[in-house]
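Remarks on the overall topology
Listed below are the residues making up each chain.
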Amino acid sequence: MSEKNKILVGKIVAPQGIRGEVRVQTYTAVPTDLRDLSVFCSRFGAGAFHFVRAIPASSVIVARIDGIDNRNDA
């Protein structure tokens, strides 16, 4: 996929908890929109990103990345 065809929809800002989840700052109109998008990350590969939950009253969601199982890796 060329760089011209990509849209930045969020960025990882911090680890969350001890099981390897991460906080993702979303740039979508509604943070839960990431649940329905096919997210591609050049570092982790396509399909590696899974929506877990939204943080109420915030534009941050919690997500899991395949292969990341602990806080240190996150």
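Above this text you will find the structure in question.
Residues numbered from 1 in each chain as written. Predicted model: local features only at pLDDT ≥ 70, side-chain atom pairs only at ≥ 80, totals over all residues. Heavy atoms only, no water.

A closer look at the pattern of salt bridges
Put simply, the rule reads: We define a salt bridge as a side-chain nitrogen of Lys or Arg found within 4 Å of a carboxyl oxygen belonging to Asp or Glu. Think of it this way: any DSSP run of H or I at least four residues long counts as a helix, any run of E at least two long counts as a strand, and we number them from the N terminus. In this scheme, a residue with accessible area under 20% of its type's maximum is buried, one over 50% is exposed, and one in between is partly exposed, where area comes from a 1.4 Å probe on protein chains only.
Evaluated as defined, the whole model comprises two salt bridges. When the shortest N-O distance is used, the salt bridge between Arg53 and Glu21 registers 3.7 Å. With Arg53 in strand 5 (residues 49-54) and Glu21 in strand 2 (residues 21-26), the pair connects residues that are 32 residues apart, well separated along the chain. The exposure class assigned to Arg53 is partly exposed, which follows from its relative accessible area of 38%. Glu21 is the partner of Arg64 in a salt bridge, and the nearest nitrogen-oxygen pair spans 3.4 Å. Within this pair, whereas Arg64 is found in strand 6 (residues 60-65), its partner Glu21 is found in strand 2, the two being separated by 43 residues in sequence. For Arg64, a relative accessible area of 25% translates into the label partly exposed. Given the relative accessible area of 13%, Glu21 is considered buried. What you see here is one network of salt bridges that share partners, running through Glu21, Arg53 and Arg64.

Examining the nonpolar core
Just so we agree on the cut-off: Among the buried residues, those of types Ala, Val, Leu, Ile, Met, Phe, Trp, Tyr and Cys that are joined through side-chain atoms within 4.5 Å form a nonpolar core. Contacts: residue pairs with any heavy atoms within 4.5 Å of one another.
Listed in full, the nine residues of the largest apolar core are Val22, Val24, Leu34, Ala48, Phe49, Ile61, Ala63, Ile65 and Ile68. Of all the elements in the fold, those that place two or more residues in this core are strand 2 and strand 6. Non-local contacts of Phe49, meaning those with residues more than four positions away in its chain, are made with Val24, Leu34, Val39, Ile61, Ala63, Arg64 and Ile65.

Some details on the pairing of strand 5
The condition that has to hold: Being paired, for any two strands, means DSSP has found at least two bridges between them.
Of the strand pairs in this sheet, strand 5 and strand 6 are connected by five bridges, and their pairing is antiparallel. The residue bridging His50 from the neighbouring strand is Arg64, located in strand 6. In this antiparallel pair of consecutive strands, strand 5 and strand 6, the connection spans five residues, and Ala57 shows a positive phi of 55°.

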